Amino acid sequence: METIGKSIIRKEALDKVTGTAKYTSDHLSLPMLHAKMVISPYAHANITHIDLSEAWKIPGVRAILAGEKFPLTGEEIRDRPPIAYDKVRYCGEVVAVIVADSPAIAKRASSLIKVNYEPLPVVNSPNQAYENNAPVVHENIDSYERIKNVYPEVNTNIANRTKIRKGDMELGWQRTEIVVEADFSFSPSDHAAMETRCVIAEIREDETVVITSSSQSPFMIKKLLHVYFHIDIGKIVVNVPLVGGAYGGKASVQLELIAYLASKAVHGRKVKILNSREEDLITSPVHIGLDATIKLGCSRDGVLQAAEILYLFDGGAYSDKAVDISRAGAVDCTGPYRINNIQCDALCMYTNHPYAAPFRGFGHSEVMFVFERTMDMLAKKLKMDPIELRLINAIKPGDTTPTQLAVNKSNVGNVSECILKLKKIMNWDEGSIKQVSNTKVRSKGICCTWKNSTIDPDASSGVTLTFNPDGSINIISGVVEIGTGTKSVLAQMLAEKLKMDVRQIYVQMEVNTKSTPDHWKTVSSRGSFMAGRALLNAADDIIRQLKDLTACILRCSKVDLEVGLGKVYLKDTPDIFLNIKDICYGYMYPNGNAIGGQIIGRGTYIQRRVTYLDPETGAGNPGPEWTVAAQGIELEFDLLDYTYNVIRAATVVDVGKVLNEKTALGQIIGGMSMGISFAGRETFQFDQAGRILNPQLRTYRPLRYGEHPKYEVEFVETPVIDGPYGARSAGEHGLIGMPAALANSLSAAAEVDLNQLPLIPELIWKTKEGAVDDSL
Amino acid sequence: MSLSEGMKHQFYLNVNQEERSVVISPSDILLSVLREQLGLTGSKPGCYNGDCGACTIDINGTPIKSCLMLAIEAIDKNITTIEGLKDTPIQKSFVEHFAFQCGYCTPGFIMNCNALIQKHPNASDEVIEEWLESNICRCTGYKEIEEAVKSVLHSNK
């Protein structure tokens with residue numbers, strides 16, 4: 001391969017290091033109005049009165065949206081008013097929106113809006129939401145419109161239940177000789193992308209709605225604006241420039257709806273809304289929390305026999321994407337193992353917490369934390385090496401997944417090889433725990449992970465290729481450049497396919513839903529896979545057109561022709577050729593006659609044979625393939641004060657094929673960093689009333705420079721047969737196992753089962769010494 | 001963002017070695033003036049309270065978070081923004097080491113690294129850490145940033 005696998009420099013590199021890269025908020029134009037939100041300080045309350053009179057007195061206020069009933073929104077269940085009506089259901093929920101001449105005026109006016117609340121009992125965790133006498137967050141779930149295959153349970157806080165019923169539980173428990181049971185829990189946290197969400201909306205005279213947004217889902221914005229507000233879909237145009245970090249958080253459609261309503265309130269004038277950091281953390285959707293209960297059994301030889309699992313996902317106040325996240329948690333409810341008897345209920349629970357967006361890993365880091373921590377507990381009880389236990393059970397061709405799909409060499413990566421390589425990197429044979437001084441131990445912990453995608457069965461992607469007169473090519477794809485470098489990887493694929501210099505390929509970084517082919521959403525690590533397949537189809541389309549034209553001009557059969565190196569040439573006589581640059585805009589004969597015209601390639605890809613899940617058993621095919629990984633953490637733990645340093649973090653991941661080495665390493669390492677940060681320190685702190693105490697980056701504190709461990713990454717390459725060049729997804733997989741690996745390592749060091757997150761010294765102290773924090 | 005719409009006056013700021021005229025009120029923060037009046041959008045807002053470092057610029061050789069500085073405080077000072085850096089070793093190094101992904105924190109990191117390289121050409125690991133912990137990058141694991149800055153520092157030796 002000439003181009004695939006090489007660390008080709010990214011196409012937007014120069015823009016990004018010179019400050020010329022443009023993000024949504026960098027689009028400045030005058031005159032533009034500015035919107036500011038008023039958010040709820042309560043987690044659950046009736047709105048009894050809103051007084052706008054003082055706010056209206058500020059000169060420059062153009063509109064105030066409050067107390068108005070807008071259509072309900074939500075991607076699977078339409079349960080969410082875009083601006084609260086009568087009631088608030090989470091701390092941070094939008095109660096009013098001011099539109100004014102400047103951000104300063106809008107902010108000043110927003111502080112003068114007086115809202116009276118009547119607090120209601122708060123549902124502060126999924127476990128509480130699941131109790132029989134819990135307050136109900138949504139009284140009339142049944143009245144909400146919803147899409148197919150969503151199953152809310154009336155008079156409860158259950159927005160959806162996904163059931164996995166595989167094998168025979170009775171038989172499984174009969175064969176079980178060793179069993180462990182455990183409970184897990186962690187609160188919601190956040191993506192905390194460096195670019196806070198921003199939207200600019202306007203409605204033109206001809207009723208065209210133009211949205212510019214920092215979003216992963218431009219085509220979903222277009223669809224949902226149509227569904228919610230009955231705007232002709234052809235009159236909705238969504239622009240997405242570069243996006244400053246997303247991690248799933250910008251896949252949800254929320255701020256766009258508010259911006260649209262704000263523009264509508266000022267007769268379509270252009271309105272910009274930029275989240276403050278505080279709003280971006282709690283008002284916009286967050287990273288889901290989870291409470292879980294698990295019972296896992298094996299025979300004495302370590303063979304897993306039965307798993308019974310209850311996942312209560314903290315969907316928060318509105319279900320939006322949380323239904324789907326909980327479904328994904330059911331699909332891969334265990335680690336990547338052969339387990340013949342599984343019963344899992346994955347519930348999306350309503351609580352009075354901020355509602356959930358997808359978060360890198362889409363439910364998987366959450367359930368892998370539960371399952372892989374339990375695997376270590378089982379290994380301990382069995383007195384078996386945790387690596388050995390995983391090797392014995394690693395899923396292989398011929399086994400079936402929890403959704404009863406048969407595994408073959410292509411659709412699931414090689415788990416055993418990942419484990420064996422990790423064992424070597426971690427120097428596992430030297431021992432997993434070692435006292436290094438009177439007060440410190442060094443400890444290692446590992447885990448295995450897997451992830452498929454659970455995006456819509458008919459999710460698709462399209463690519464257009466256009467030629468420039470010099471034979472260079474422009475790639476136009478609906479993938480959003482959120483930082484993953486996918487569009488540059490597409491350029492590499494095209495260079496490989498057409499045997500051309502990657503510098504002769506240009507990439508349109510921005511997405512415009514009017515001129516860019518649809519790409520479902522830039523989520524689920526499916527950009528390279530889906531857009532890659534579409535791109536290769538588009539390249540074939542170009543090749544076909546080039547050959548057709550050349551066959552005519554050179555008077556030969558098109559099957560005798562080959563395309564590459566900027567030429568179309570005869571296979572057996574390569575010195576008979578035409579330069580692509582001389583025909584890509586049509587060919588002119590000496591007398592002036594012309595044929596052809598600009599060559600435009602088009603290609604699409606739609607997922608193949610993906611199904612909905614059976615409502616009773618969960619059986620079905622969730623997506624194209626599983627990427628698998630084995631991950632480890634080595635840390636130094638202080639036995640006196642329970643502090644620790646993560647010394648190194650390792651990942652062995654089966655990516656099918658490395659398309660760009662440094663880009664792939666960046667994705668894996670970046671994921672690991674985010675996973676260590678999530679597991680080790682990140683959480684929203686809720687008080688008893690469900691209010692969030694730390695909505696700022698100084699109190700919600702992600703990993704910083706110098707706090708990072710040494711990263712070690714190795715790739716396994718088991719190709720997925722229908723992937724572009726055999727490549728599997730890789731964007732999320734560095735993150736997924738970090739919580740479990742960190743928890744396993746720390747549990748071994750502290751000699752106590754640590755089954756909550758984040759893993760801060762205080763938690764270790766509480767768990768180890770049974771201490772209680774009653775400060776709240 | 002300017003929090004008041006108070007009296008505005010014309011001033012000159014020395015930005016990227018050019019004298020630029022701005023009309024500002026005393027409460028205007030430097031970040032907003034750079035972005036909204038001068039169109040220098042390379043400096044990014046991320047928190048408006050100094051937590052994230054995405055708005056870091058260079059004032060007389062010292063990296064400063066421009067969301068924490070009033071524009072009037074910058075009068076008579078040499079302001080350098082990311083747009084003022086051309087073909088510097090640190091920019092080249094960021095590209096070669098893949099030290100950015102989404103790119104949003106990148107201008108702030110580069111401004112901070114560039115000032116570090118000028119002030120401490122032989123910076124120890126501790127000094128690098130002390131300087132760079134003021135910026136947050138959410139995409140990379142900081143490994144590539146570490147490699148990028150160290151490769152420039154070590155080439156100075």
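Note that this is a predicted model, so its numbers are computed, not measured. Every chain's residues receive numbers from 1 upward, in the order its sequence appears when written. Each chain is given a letter, starting from A, and each ligand a number, starting from 1, according to the order in which they appear as written. In keeping with the predicted nature of the model, local features appear solely for residues at pLDDT of at least 70, side-chain atom pairs appear and are counted solely at 80 or more, and the whole-chain, interface and lining totals rest on all residues. Side-chain measures here rest on the full set of heavy atoms in the structure, leaving out hydrogens and waters.

**As for the packing of helix H3 (residues 106–119) of chain B against helix H4 (residues 125–132) of chain B**
Residue and element names in this part refer to chain B. To be explicit about the condition: To obtain an axis, a line is fitted to C-alpha atoms, over the contacting stretch when the element is a helix, and the angle between two such axes runs from 0 to 180 degrees between their N-to-C directions. Counting from the N terminus, the helices are the DSSP runs of H or I reaching at least four residues and the strands are the DSSP runs of E reaching at least two. Crossings are classed by handedness, with left-handed meaning an anticlockwise turn of the near helix from the far one by less than a right angle and right-handed meaning a clockwise turn. Throughout, a residue-residue contact means that at least one pair of heavy atoms, one from each residue, lies within 4.5 Å.
Contact geometry for H3 and H4: axes closest at 10 Å, N-to-C directions at 145°. As H3 runs across H4, the sense of the crossing is right-handed. Residues Phe 109, Asn 112, Cys 113, Ala 115, Leu 116 and Lys 119 of H3 touch H4, and the partners they reach there are Val 127, Ile 128, Trp 131 and Leu 132.

**Description of the packing of helix H11 (residues 386–393) of chain A against helix H12 (residues 415–425) of chain A**
Residue and element names in this part refer to chain A. Using the following cut-off: Here roughly perpendicular refers to angles of 65 to 115 degrees, roughly parallel to angles under 35, roughly antiparallel to angles over 145, and oblique to all remaining angles. When residues are sorted by character, Ala, Val, Leu, Ile, Met, Phe, Trp, Tyr, Cys and Pro go into the nonpolar class, Asp, Glu, Lys and Arg into the charged class, and all the rest, Gly among them, into the polar class.
It is the contact of H11 with H12, at a shortest axis distance of 9 Å, that shows an interaxial angle of 160°. Between H11 and H12, the crossing angle belongs to the class labelled roughly antiparallel. The handedness of the crossing between H11 and H12 comes out as left-handed. Across from Ile 387, Arg 390 and Leu 391 in H11, the residues of H12 making contact are Ser 416, Ile 419, Leu 420 and Lys 423. For the contact of H11 with H12, a count of residues per class yields four nonpolar, one polar and two charged.

**Quick word on the sheet that holds strand S8 (residues 178–186) of chain A**
Residue and element names in this part refer to chain A. Here is the rule: Any two strands with at least two DSSP-identified bridges between them are counted as paired.
Strands sit in the order S7-S16-S15-S14-S8 across an open sheet of five strands; the sheet is mixed. The outermost strands of the open sheet, each flanked by one partner alone, are strand S7 (158–166) and S8. On average, each strand axis in the sheet is tilted by 5° relative to the strand beside it, whichever way the strands run. Relative to strand S16 (residues 342–350), S7 is paired through eight bridges, and the arrangement is antiparallel.

**Some remarks on empty space enclosed by the protein**
All names here are of chain A. The following threshold applies: In this analysis a 1.4 Å probe is tested at points of a 1 Å grid over the protein atoms alone, and where it fits but cannot get out there is a cavity; an open set with protein on both sides within 12 Å along at least five of seven lines is a pocket; lining residues have an atom within 4 Å of a point. Grid points are joined across faces, edges and corners, and a volume is the space filled by probe spheres set on the points. Boundary definitions for the domains trace back to an automatic or database domain assignment.
Going through the model one piece at a time under the given rule, you end up with eight cavities of 30 Å³ or more. If you add up the space inside the largest cavity, you get close to 700 Å³. Lining the largest cavity we find 46 residues, and of these Thr 484, Ser 525, Gln 667, Ala 730 and Gly 731 sit closest to its centre. Looking at the lining of the largest cavity, its residues break down into 20 nonpolar, 18 polar and eight charged. Each of two domains, domain 2 (286–455 + 610–769) and domain 3 (459–606), supplies a minimum of three residues to the lining of the largest cavity.

**Digging into the UniProt feature "domain: Aldehyde oxidase/xanthine dehydrogenase a/b hammerhead" (unreviewed entry) in chain A**
Inclusion rule: UniProt positions are given in the numbering used here, feature names are shortened, and annotations may be inferred rather than shown by experiment.
UniProt records the feature "domain: Aldehyde oxidase/xanthine dehydrogenase a/b hammerhead" (unreviewed entry) for residues 18–121 of chain A in the present numbering. Structurally, residues 18–121 of chain A is divided into 12% helix and 34% strand, and its ends, taken at the C-alpha atoms, are 52 Å apart.

**Quick look at the domain arrangement of chain A**
All names here are of chain A. Threshold: Computed with a 1.4 Å rolling probe, the buried area is the accessible surface lost when two parts are put together, summed over both parts. One side-chain nitrogen of Lys or Arg within 4 Å of one carboxyl oxygen of Asp or Glu is enough to make a salt bridge. Residues adjacent in sequence count toward polar contacts only when both atoms are side-chain atoms; beyond that, a polar contact is any pair of N or O atoms within 3.5 Å, and within protein one must be able to donate a hydrogen and the other to accept it.
Under the domain assignment, chain A is made up of domain 1 (30–120 + 195–244 + 250–282), domain 2 (286–455 + 610–769) and domain 3 (459–606). One C-alpha centre belongs to domain 1, the other to domain 2, and the line joining them spans 36 Å. With 21 residues of domain 1 at the interface, the matching set in domain 2 holds 25 residues. Summing both partners gives a buried area of about 2,100 Å² for domain 1 against domain 2, and 55% of it is carried by carbon and sulfur. In this structure, Lys 321 engages Glu 75 in a salt bridge whose closest nitrogen and oxygen atoms are separated by 3.7 Å. At the junction of domain 1 and domain 2, the tally comes to 12 residue pairs in polar contact (both at pLDDT 80 or more). Class assignment for the residues of the side of domain 1 that touches domain 2 results in nine nonpolar, four polar and eight charged.

**Quick look at the pattern of salt bridges**
Two side chains carrying opposite charge are able to pair once their charged atoms lie near each other. Residues and elements named next belong to chain A. The cut-off we apply is this: Exposed residues in this analysis have more than 50% of their type's maximum accessible area, buried residues have under 20%, and partly exposed residues fall in between, with area computed by a 1.4 Å probe over protein chains only.
Inspection of every chain in the model, using the stated rule, returns 62 salt bridges over all chains. Asp 753 is paired through a salt bridge with Arg 373; the nearest N and O atoms lie 3.3 Å apart. Here Arg 373 lies in helix H10 (residues 364–382) and Asp 753 lies in the loop between helix H18 (738–750) and helix H19 (761–769), a separation of 380 residues in the sequence. Taking the relative accessible area as the measure of exposure, Arg 373 reaches 3% and is therefore buried. In this structure, Lys 421 engages Glu 714 in a salt bridge whose closest nitrogen and oxygen atoms are separated by 3.8 Å. Here Lys 421, found in helix H12, pairs with Glu 714, found in strand S32 (residues 710–716); they are 293 residues apart in sequence, far enough to count as distant. Taken together, the salt bridges that share partners define one network made up of Glu 75, Glu 76, Lys 321, Asp 324, Arg 327 and Lys 521.

**Quick notes on unusual backbone geometry**
Residue and element names in this part refer to chain A. Residues Leu 757 and Pro 758 are joined by a peptide bond in cis, for which omega reads -5°. With respect to the helices, strands and loops of the structure, Pro 758 is situated in the loop between H18 and H19. Positive phi values are uncommon outside glycine, yet Asp 86 reaches one of about 70°. Assignment of secondary structure puts Asp 86 in the loop between strand S3 (61–66) and strand S4 (87–88).

**Regarding the interface of chain A and chain B**
Counting residues at the interface gives 58 residues for chain A and 50 residues for chain B. Between chain A and chain B the total buried area reaches about 4,400 Å² when both faces are included, carbon and sulfur atoms providing 59% of it. For chain A, the biggest contributors to the area lost against chain B are Val17(A), Met194(A) and Tyr705(A); these three give 21% of the whole. Remark: the boundary between chain A and chain B carries four salt bridges. Taking the shortest distance from any N to any O, the salt bridge between Arg138(B) and Glu682(A) comes out at 2.7 Å. Taken together, the connections running from chain A to chain B amount to 25 residue pairs in polar contact (both at pLDDT 80 or more). Those elements giving two or more residues to the side of chain A that touches chain B turn out to be helix H1 (13–18), helix H3 (103–110), helix H8 (277–282) and helix H16 (661–680) of chain A. Considering every element that reaches the side of chain A that touches chain B, the biggest residue donor is H16(A), with nine residues.

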